[in-house]
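Secondary and tertiary structure notes
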Amino acid sequence: MNLLKKCPECNSELKTNSENIQVCSVCEYWTKKGTARLDSIMIFA
Ligand SMILES: [Zn+2]
C-alpha cells in the first residue's frame, strides 16, 4: 500500500479522514489510500 505523507501538489502534510481518504487541507488534493486519484475516472461528461 502506498501511503502519501506529503501532498504531491503543494508538499503540505496530508490528513486522513474517517473514510480513509487522504486530504490536503491546503489545496484540497485528495486520494484514497493505496490508489491514484479517482476523480478523473468518475467524470463521464
Ligand atoms: Zn496540497
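In what follows, the accompanying structure is described. Every chain begins its residue count from 1, and numbering advances along the sequence as written. For a predicted model such as this one, the threshold for reporting local features is a pLDDT of at least 70, and the threshold for listing and counting side-chain atom pairs is 80 or more; totals across whole chains, interfaces and linings nevertheless cover every residue. The side-chain quantities take in all heavy atoms of the structure and omit both hydrogens and water.

So, about the side chain of Gln 22. For helices the rule is a DSSP run of H or I covering at least 4 residues; for strands it is a run of E covering at least 2, with both sets numbered from the N terminus onward. By secondary structure assignment, the location of Gln 22 is in strand β2 (residues 21-24). A distance of 2.7 Å separates a polar atom in the side chain of Gln 22 from the backbone oxygen of Leu 4. The contact criterion used throughout is that any non-hydrogen atoms of two residues lie within 4.5 Å. Among all residues touching Gln 22, those that are not within four sequence positions of it are Leu 3, Leu 4, Leu 14, Lys 15, Thr 16, Tyr 29, Trp 30, Thr 31 and Lys 33. Counting of polar contacts relies on pairs of N or O atoms within 3.5 Å, with two restrictions inside protein: one atom must be capable of donating a hydrogen and the other of accepting it, and residues adjacent in sequence are counted only when both atoms are side-chain atoms.

On to the coordination of the zinc ion, then. Only nitrogen, oxygen and sulfur atoms qualify as donors, and only when within 2.8 Å of the metal (3.2 Å in the case of Na, K and Ca); with water excluded, sites may look incomplete. For the zinc ion, the full set of protein donor atoms is Cys 7 (SG), Cys 10 (SG), Cys 24 (SG) and Cys 27 (SG), and the range of their distances to it is 2.2 to 2.4 Å. Its four donor atoms give the zinc ion angles of 104 to 117° at the centre, a pattern that matches the tetrahedral case. Spacing between the donor residues of the zinc ion along the chain follows C-x2-C-x13-C-x2-C. Among the residues examined, Cys 7 registers a relative accessible area of 0% and is labelled buried. Residue class for Cys 10 comes out partly exposed when judged on its relative accessible area of 31%. Between 85 and 135 degrees for all angles marks four donors as tetrahedral; over 155 degrees for opposite donors together with 65 to 115 for all other angles marks four donors as square planar and six as octahedral; every other arrangement is irregular. Partly exposed residues are those whose accessible area sits between 20% and 50% of the maximum for their type, while under 20% is buried and over 50% is exposed, using a 1.4 Å probe and protein chains only.

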